[in-house]
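Here are the chains, one letter per residue:
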Amino acid sequence: GPGGCGDGGGALGATLLAAGLGDELAVCTAGLTLGAEGRPMLAALGVERLADAPRFAQIGVEAAGPDILHRWGRIGPAVGVPDVTGV
């Protein structure tokens, strides 16, 4: 909404995360409900087990007009991307 958060592309976001290129998520919440008519935040990631899901830790929360912006930083490797932390 005006002065709040906009919506992004779920397909692009999923592609970046699956390729290991997404190191931060910015997720907005708002005081409204869309139900099944709403757009998904991300397209399919191909995650079959919770253990394989990309992991993020919350690094910030702030007001964005009438909405709330939640920021999350990656804490593990992406799906199908080897963990090269510490290499």
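Reading the values: the criteria
Residues numbered from 1 in each chain as written. Predicted model: local features only at pLDDT ≥ 70, side-chain atom pairs only at ≥ 80, totals over all residues. Heavy atoms only, no water. Salt bridge = Lys/Arg side-chain N within 4 Å of Asp/Glu carboxyl O. Helix = DSSP H or I, 4+ residues; strand = E, 2+ residues; numbered from the N terminus. Buried < 20%, exposed > 50% of the residue type's maximum accessible area, 1.4 Å probe, protein only. Pairing = 2+ DSSP bridges. Patch = residues over 30% accessible without salt bridge, like charges linked within 9 Å, V, L, I, M, F, W, Y side chains within 5 Å. Areas by Shrake-Rupley, 256 points an atom, 1.4 Å probe, with all protein chains shown as cover. Axes fitted to C-alpha atoms, helices over the stretch in contact; angles between N-to-C directions. Arc of directions from axis to C-beta. Contact = heavy atoms within 4.5 Å.

Caption draft 1: The arrangement of the pattern of salt bridges in detail. Overall, the coordinates contain 2 salt bridges when judged by the stated rule. Arg71 is the partner of Glu24 in a salt bridge, and the nearest nitrogen-oxygen pair spans 2.8 Å. Within this pair, whereas Glu24 is found in strand β1 (residues 24–29), its partner Arg71 is found in strand β3 (residues 67–74), the two being separated by 47 residues in sequence. Judged by its relative accessible area of 28%, Arg71 is partly exposed. Linking Arg49 and Asp52 is a salt bridge whose minimum nitrogen-to-oxygen distance equals 3.0 Å. Classification of Asp52 by relative accessible area gives partly exposed; the value is 32%.

Caption draft 2: Region of interest: the pairing of β3. Bridge count for β1 against β3 is 6 bridges, and the pairing is antiparallel. Of the residues in β3, the one forming a bridge with Ala26 is Arg71. Of the pairings in the sheet, the one linking strand β2 (residues 56–64) to β3 comprises 8 bridges and is antiparallel in character. Among the inter-strand pairings, Gly60 is bridged to a residue of β3, identified as Arg71. Here β2 hands over to β3 after 2 residues, with Gly65 in that stretch at a positive phi of 65 degrees.

Caption draft 3: Broad picture of a nonpolar patch on the surface. A cluster of nonpolar residues, Leu12, Leu16 and Leu21, forms a patch on the protein surface that exposes about 300 Å² of accessible area. By the element assignment, Leu21 lies in the loop between α1 (10–18) and β1.

Caption draft 4: Inspection of the sheet that holds β3 at higher detail. Sheet architecture is open: 3 strands sit in the order β1-β3-β2, paired in antiparallel fashion. Among the strands making up the open sheet, the edge pair consists of β1 and β2. Shown here is a sheet whose adjacent strand axes are inclined to one another by a mean of 20 degrees, direction ignored.

Caption draft 5: Local environment of α1. Residues of α1 that are buried: Gly10, Gly13, Ala14 and Leu17. Along α1, the residues classed as buried sweep out an arc of 95 degrees about the axis, all on the same side. Exposed and oriented more than 90 degrees from the buried face of α1 are Ala11, Leu12 and Thr15. Contacts made by the buried residues of α1 are with β1, β2 and β3.

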